[in-house]
Structure formats: structure tokens, C-alpha cells
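Letter by letter, the chains look like this.
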Protein chains: 2
Amino acid sequence: MKIYFVLSVVVFLMVFFSSTKAQTTVLEDFKPSSLNQPGQEYPQVNSQGYARFKIVAPDAKSVKVTLGLGGKGGTELKKDAEGNWVGTTEGPLDKGFHYYHLIIDGGVFNDPGTLNFYGSVRWESGIEIPAPDADFYALKNVPHGKVQQILFHSKSTNSEKRAFVYTPPGYDQDQSKRYPVLYLQHGWGEDETAWSNQGHANLIMDNLIAEGKTKPFIIVMTYGMTNEIKFGSGLRNFNIEPFQTVLIDELIPYIDSNFRTLSDQPNRAMAGLSMGGMETKTITMKNLDKFAYIGLLSGGTFSLEDVNNTPGFKEKVKLAFVSFGSREIENQGNRGWGGNPKENAEAIKNAGINSVFYVSPETAHEFLSWRRSLKELAPLLFKN
Amino acid sequence: MKIYFVLSVVVFLMVFFSSTKAQTTVLEDFKPSSLNQPGQEYPQVNSQGYARFKIVAPDAKSVKVTLGLGGKGGTELKKDAEGNWVGTTEGPLDKGFHYYHLIIDGGVFNDPGTLNFYGSVRWESGIEIPAPDADFYALKNVPHGKVQQILFHSKSTNSEKRAFVYTPPGYDQDQSKRYPVLYLQHGWGEDETAWSNQGHANLIMDNLIAEGKTKPFIIVMTYGMTNEIKFGSGLRNFNIEPFQTVLIDELIPYIDSNFRTLSDQPNRAMAGLSMGGMETKTITMKNLDKFAYIGLLSGGTFSLEDVNNTPGFKEKVKLAFVSFGSREIENQGNRGWGGNPKENAEAIKNAGINSVFYVSPETAHEFLSWRRSLKELAPLLFKN
């Protein structure tokens with residue numbers, strides 16, 4: 001009987017707190033978002049995760065922010081006494097980074113208060129809701145690696161292509177040391193700036209290395225939409241060949257001849273988020289002689305079929321890392337990702353694969369899921 | 001008499017052409033600006049240098065572009081049959097890069113068609129009017145250097161500061177080679193991104209090096225508004241000390257210990273545009289034991305007084321480079337720049353200084369003046 005009593009109390013408290021949560025008063029401790037342009041007071045975020053906006057457009061008919069509770073519908077702003085358009089999200093937003101924009105009189109514009117981040121095939125406004133674990137991607141007084149912009153010639157596309165390369169702290173001091181390399185891809189509508197801008201990949205690595213939690217390695221981030229997918233055409237028309245050619249035949253040789261890399265298969269990894277996960281899976285499974293560590297971040301899973309039908313998988317793949325945000329798992333169930341990701345991860349683990357499955361708590365298909373995934377993935381790389 | 005006849009014809013032709021110019025029909029060969037976001041058709045530029053804008057905001061009352069003939073007043077857009085706001089500048093714009101923004105219903109927003117560039121203490125829209133000499137800053141199939149983002153700890157400000165470092169092609173191949181360094185500063189309201197984003201400093205160097213026109217050297221670009229000048233407070237309140245401390249005591253030692261530099265005075269230069277020129281002049285003249293080459297780009301001049309009143313100037317300064325856009329000279333005459341810049345340059349040349357004065361044709365206080373100035377300056381550096 002005792003256990004039922006305890007359970008009843010727990011259920012009561014759960015119902016009580018979820019109902020009080022809905023009635024929570026919005027705390028007036030709003031501060032400028034950390035991603036605001038220098039000197040800009042808005043947008044602001046409070047300690048509960050509510051976002052507040054203020055837009056100057058005195059003669060506008062309507063101003064809306066495409067950001068709101070659960071991402072549904074956004075937030076309509078209202079004109080205040082001074083003629084500014086102001087408004088607060090109906091509820092708290094998920095922790096971490098969100099893209100958004102304004103709809104002013106029916107047109108799409110960015111919030112002049114914030115920095116821009118490339119997503120949805122445009123430079124979008126960005127806002128940051130402080131996460132309880134924000135320290136792991138914070139800019140701190142630790143030795144810093146560098147993020148280098150490189151331009152390399154691509155014969156297959158007859159163009160000069162751009163990539164960003166993270167080299168760890170100390171890379172320039174000890175000229176005899178060589179490093180393993182992770183190729184890390186962005187998602188659909190993003191570009192090669194995403195992982196260092198909104199992903200903070202460099203700061204995550206600086207902090208992990210400072211704490212001795214990961215081997216130092218190089219990260220290469222390039223543009224994965226080589227065949228120029230337009231809005232609306234969608235992933236169905238995605239052809240991996242153009243990007244695979246740039247990556248395998250052009251970028252990897254460039255990196256191996258311009259950086260002090262360890263260029264054998266056990267020292268090369270590839271990971272990607274969303275569409276970049278799909279690219280990672282497709283490319284690595286065709287090129288297991290080149291990649292030993294594979295990470296799919298909100299971008300598919302490895303099934304037992306994948307393992308069994310891919311010659312060499314068991315011998316060559318040293319890590320099959322799969323991660324999602326918890327809200328993706330809740331929302332998708334076991335649909336849409338090529339089978340239940342957790343079950344898939346367990347099945348290939350039982351088949352002898354070094355399979356790691358990670359779920360980011362209380363995040364969706366957004367960058368905090370992927371920052372956390374990189375933090376989990378990095379220490380597992382280049383161990384064998 | 002003959003000479004008067006010739007002069008009359010010349011005057012007639014000048015009047016004739018200037019009046020026909022005003023009546024010139026706008027050629028309908030508009031193409032998307034090279035700085036547009038991927039896939040965006042507008043803004044567009046024609047072969048004469050007119051700019052055309054199209055903004056979607058069907059319910060707006062008014063849409064204006066802060067870009068127009070002579071920078072005066074901007075361009076009012078009008079609603080077309082499909083409900084888009086469209087308009088073309090009244091006349092051709094100067095060649096090169098221009099910052100601008102939209103004023104929609106009284107509020108300041110960016111054009112969603114273009115990339116953003118940091119200027120005027122905000123991320124502004126940018127447009128590029130093709131220049132006849134655009135080839136020198138074009139992205140071409142030549143060996144490319146790298147632009148590296150570095151983060152260095154600043155004790156004096158108790159913060160982690162950012163800089164971008166250009167290393168020339170080949171820097172990573174020959175590990176025994178060391179390079180001279182140019183410290184290159186942005187203008188007021190800009191930041192450390194300006195010289196590589198809108199300035200194309202890396203491409204200018206890549207192209208000069210490929211043609212054998214300059215020694216390869218390192219360029220360091222950092223943030224020069226250390227004391228956080230706000231809009232309106234102006235340059236009068238500028239105190240050089242905070243930035244000088246970061247540059248001299250923190251950044252230079254960081255660069256010399258993290259890059260393969262030649263760290264003696266004959267191998268260090270400083271240059272800057274506008275406010276960055278003022279900073280360059282102030283800092284180098286106090287630190288002639290550290291800098292041998294000095295460049296002021298639309299940012300002051302060196303007078304004979306400067307030379308005579310600065311101990312060591314004649315012995316230590318290997319180059320005093322001063323440049324302006326031609327329209328600055330026209331507009332300013334000999335006011336506002338500490339004396340007539342051309343006369344100043346000649347006076348110090350006569351006093352034995354290696355003084356070089358350059359005027360960029362048909363450009364104003366804008367980036368094409370400074371791209372061209374860097375192209376002129378680079379080959380003169382580190383010669384002695």
C-alpha cells in the first residue's frame with residue numbers, strides 16, 4: 001500500500017506543478033540575448049526562457065516574430081505607447097539557439113537587434129536561451145584553437161570553394177605533431193559557417209581539450225549543398241555525387257597536403273547534423289577505407305541491415321554514433337528515421353559494433369542538440 | 001586664338017556630355033549584385049552602375065533605400081502591380097562596395113536579398129558595383145592563403161578578444177620560413193571582419209603574390225574600438241590607450257609566439273582606414289621601435305611638423321604611405337585632414353622620408369578606395 005501512496009503523491013505533484021507551470025507569472029528579469037549586435041538591448045531573454053522583442057517601425061501595420069511556444073505560429077507584437085512594437089513569447093522557449101525572423105507588413109526581414117546566422121537558405125536572426133550546461137560551449141580563458149578559412153580549387157565544379165578548419169591549441173607550436181581529422185557537416189539550408197558560428201564547435205573543443213576530456217584533433221567544415229538545392233525542391237532530389245566528389249577527391253587531399261594530418265583511415269572521422277547526417281551515412285558507407293568513425297546527429301541511424309549489407313562495416317567502423325534531441329524522439333516515435341534509433345543502436349551493438357546512442361535532454365531539431373552531440377562524440381573519437 | 005578655340009570646343013564637349021549624361025537612358029542589363037545571398041535575384045546592378053531594388057512587404061506604407069545619387073537622400077521605392085516595392089537609383093553609384101539599409105514604415109531593416117557587413121556599428125546590407133579593375137580583388141584560381149580566426153586573452157580588458165590573421169599561400173608548407181607582419185585596422189563602426197569581408201584583403205594578397213608583385217607577409221586584423229565608442233559620442237572622446245595596450249602588449253606578443261613571424265622592427269608594419277588610420281598614426285609614432293612601415297588610408301597625413309617633432313622618425317620610418325579616394329580630396333580640399341595631404345606628402349618627401357601618396361580614382365570614403373590602397377601599399381612593404 002505504501003508504494004501506491006507514494007505514487008499517488010508523485011502523480012498529484014506532477015499534475016500540480018504542470019498546472020501551476022501554465023499559470024506561472026513571467027519573471028521580469030529579462031536581459032539582452034548573448035547574440036545581440038553590439039549595444040543592442042533587444043531581443044531579451046528571462047531566466048525562465050521567455051523571449052521579449054522590441055522593433056522600431058512606427059508606421060507598420062503588423063509585426064510578427066516567427067518564434068513562439070513550440071515553434072507554432074510565432075508571436076504577434078503590439079504597438080506600445082512610444083510607438084514601438086513589443087511582445088513576449090507565450091511560453092518559455094527550449095534552451096539553446098533558435099533561428100527566427102520578422103514578418104513586417106507581410107514581408108520577411110531580420111531583427112536589427114541580433115546577429116545573423118545562415119539557416120533555411122538565408123541569413124536568419126538568432127537568439128540564445130541560456131542552457132543550464134552552457135558552460136561547455138562558453139568562451140573562456142583557456143588555450144584557444146584557431147578557425148581558419150581556406151579556399152580550395154574544385155576541378156569538378158570549376159570553382160574556388162570555401163571551408164573552415166579548426167586546429168587545436170598548440171597546433172602551431174609543435175611542428176612535428178600530426179593530428180586526426182573530423183569532417184563535420186551542417187544541415188539543409190545552412191552552410192560551412194554554421195558549426196563555428198551557431199555551433200560553437202571551436203569553443204566546445206577548446207573547453208574539452210582544456211579539461212583533458214578529448215584528444216586534440218582537426219575539424220574541417222565545408223559546404224554540403226554542392227548541387228545547389230533550392231527551396232522547395234527538397235531532399236528527394238538530393239544527389240550525393242557532386243558533394244562526394246568535392247569532399248573525397250578535392251577537399252581531403254587539400255587538407256592532407258596543407259595541414260599536419262594523420263591521413264590514414266583510423267585517423268579520419270565524419271559526422272553531420274540532419275541532412276549532413278544523411279550525407280555522412282551515404283558517403284562513409286561507400287568509403288569505409290577512408291573513415292573509421294561515423295556520427296549521425298539528428299540525421300538517421302544505422303540498422304542491422306546497414307551493417308550486414310555493407311562489406312567491411314564490422315571490421316572498419318570503430319564507432320557508429322547516433323544522436324537526437326529528446327523532442328525529436330518524442331515527436332517522431334520510431335517513424336521517419338529508418339527505424340527506431342535506440343533499437344537500431346542496440347541491435348548493432350549486439351552485433352559487435354561500437355554503437356553509441358545519445359539523446360540530448362529537452363531539445364528539438366536545433367543546435368543545442370548538436371552542440372551537446374559534438375561534446376559527447378569528440379571524446380569517443382580516435383581511440384583505437 | 002587657336003588655343004581659345006580648342007578650349008571652347010573642350011568646354012562645349014564637357015557641357016554637352018555632362019548634360020547628355022543626365023539624360024542617359026538606363027540600360028536594362030541589370031544582374032544580381034555579387035554580394036546577394038544565395039539564390040536571391042535582388043538587388044541588381046547594371047553596366048552603368050545603377051542599382052535596382054525589389055522588396056516584398058505588401059502591406060507597408062513606405063519603403064526607402066538609403067542609397068542614391070551622391071549618397072543624398074536615398075531612393076524611394078514604389079509599389080508595382082504585383083505588390084512588390086521596386087525602385088532604381090536616380091543615377092549611377094560609384095564603383096565598388098556600398099553599405100546601405102532599408103527604412104520600412106519608419107524602422108531600420110536590412111535588405112533580405114543581400115549579405116550583411118559590419119559598418120556604422122551594425123550589420124548593414126552591402127551591394128557591389130563592378131569596378132573596371134575588379135580583377136585585382138576577385139576570387140581566382142591561384143594559390144590561396146588562409147584567414148584564421150584567433151582568440152587571445154586580453155589581461156587589460158579581462159576578456160577573450162578576436163582577431164583574423166591572413167597567412168600567405170605556402171605558409172604551411174615550408175615550416176622553416178618566417179614572415180613580416182602588417183597590422184591592418186578597420187574604420188569607425190566597423191570591426192575585425194571588415195578587411196577580409198568587404199575589403200577582400202586576403203584575395204588582394206593572393207592575387208598580388210600570384211603575380212609576383214609583393215613579398216608574402218602576414219596580415220593581422222583586430223577590433224580597434226576597444227573602448228566601445230557609442231553612436232553619437234564620436235571620435236572626440238577617443239582614448240587610444242585601451243586599444244594600444246591590447247595591440248602592443250597583448251596581441252603582438254600573441255602573434256609573435258603563435259605564428260612564424262619576423263618580429264623585429266623592420267619587419268612590422270601598421271596601416272588603417274579612416275579611424276584606423278588615426279589609430280595607426282597615434283600608435284606608430286609612439287612606438288617607432290616596433291613599426292617601420294606606416295599606412296594611413298583616408299585617415300590623416302604626415303606633416304613636416306609630425307616628422308620634425310617625432311624623435312627617430314627619419315631613421316626608423318621606412319615608408320610613410322598616405323592615400324585617399326579622389327572624391328575625398330575634391331570634397332575636403334585641404335581642410336579636415338591635418339593639412340593638404342598631397343602637399344604634406346611632398347614636404348616630408350623633400351625632408352628625406354620615403355613618402356608615397358596615392359589617390360584612388362573616382363571613389364569616396366568607401367571600400368574601393370581602401371582595397372586599391374592596400375594593393376598599392378603591399379608591394380612597398382618590407383623592402384629595406
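What counts as what
Residues numbered from 1 in each chain as written. Chains lettered and ligands numbered in written order. Predicted model: local features only at pLDDT ≥ 70, side-chain atom pairs only at ≥ 80, totals over all residues. Heavy atoms only, no water. Patch = residues over 30% accessible without salt bridge, like charges linked within 9 Å, V, L, I, M, F, W, Y side chains within 5 Å. Areas by Shrake-Rupley, 256 points an atom, 1.4 Å probe, with all protein chains shown as cover. Salt bridge = Lys/Arg side-chain N within 4 Å of Asp/Glu carboxyl O. Lys, Arg positive; Asp, Glu negative; His and termini not counted. Charge placed at Lys NZ, Arg CZ, Asp CG, Glu CD. Helix = DSSP H or I, 4+ residues; strand = E, 2+ residues; numbered from the N terminus. Buried < 20%, exposed > 50% of the residue type's maximum accessible area, 1.4 Å probe, protein only. Domains from an automatic or database assignment. Contact = heavy atoms within 4.5 Å. Buried area = accessible area lost by both parts, 1.4 Å probe. Nonpolar A, V, L, I, M, F, W, Y, C, P; charged D, E, K, R; others polar. Pairing = 2+ DSSP bridges. Axes fitted to C-alpha atoms, helices over the stretch in contact; angles between N-to-C directions. Polar contact = N/O pair within 3.5 Å; in protein donor to acceptor, adjacent residues only side chain to side chain.

Caption draft 1: Quick peek at a positive patch on the surface. Residues A:Lys61, A:Lys79, B:Lys61 and B:Lys79 make up a contiguous surface patch of positive charge. Looking at the secondary structure, you find A:Lys61 in the loop between β3 (51–56) and β4 (63–65). On the basis of relative accessible area, A:Lys61 is assigned to the exposed category, the value being 57%.

Caption draft 2: Highlighting the domain arrangement of chain A. Residues and elements named next belong to chain A. You can read the domains of chain A as domain 1 (26–130) and domain 2 (135–380). Using only C-alpha atoms to locate each centre, domain 1 and domain 2 end up separated by 30 Å. Taken residue by residue, the interface counts 14 residues in domain 1 and 17 residues in domain 2. Here domain 1 meets domain 2 over a buried area of about 1,300 Å², counting both sides, of which 50% is carbon and sulfur. Asp94 is paired through a salt bridge with Arg327; the nearest N and O atoms lie 2.7 Å apart. Take the side of domain 1 that touches domain 2: its biggest share by element is four residues, from strand β8 (residues 96–100). Partitioning the side of domain 1 that touches domain 2 into residue classes produces six nonpolar, four polar and four charged.

Caption draft 3: View of the sheet that holds β8(A). Residues and elements named next belong to chain A. The strand order across the open sheet formed by three strands is β8-β12-β11, and the pairing between neighbours is antiparallel. Among the strands making up the open sheet, the edge pair consists of β8 and β11 (116–119). Each neighbouring strand pair of the sheet contributes to a mean axis angle of 50 degrees, computed without reference to strand direction.

Caption draft 4: Molecular detail of the sheet that holds strand β1 (residues 31–32) of chain B. All names here are of chain B. Read across the sheet, five strands follow the order β1-β2-β3-β7-β6 without closing on themselves; strand pairing throughout is antiparallel. Each of the sheet's edge strands pairs with one partner strand only, and the pair in question is β1 and β6 (78–79). When β6 meets strand β7 (residues 84–88), the two strands line up antiparallel, connected through two bridges. When the bridges of β7 are listed, Lys78 appears paired with Val86.

Caption draft 5: View of the interface of chain B and chain A. Contacts between the two partners involve 47 residues from chain B, matched on the other side by 47 residues from chain A. Summed over both partners, the interface of chain B with chain A comes to about 3,900 Å²; 51% of that surface belongs to carbon and sulfur atoms. For the interface between chain B and chain A, the tally reads zero salt bridges. Linking chain B with chain A are 16 residue pairs in polar contact (both at pLDDT 80 or more), by the criterion used here. Contributing elements (two or more residues each) for the side of chain B that touches chain A: β3 (51–56), β9 (102–104), β10 (107–109), β11 (116–119), β12 (122–129), β13 (146–154), α3 (201–210) and α4 (240–258) of chain B. In terms of residue count, β13(B) provides more of the side of chain B that touches chain A than any other element does, seven residues in total. Considered class by class, the residues forming the side of chain B that touches chain A number 22 nonpolar, 16 polar and nine charged. Two elements, strand β13 (residues 146–154) of chain A and β13(B), share three bridges in a ladder whose sense is antiparallel. Bridge pairing links A:Gln148 to B:Gln148 in β13(B).

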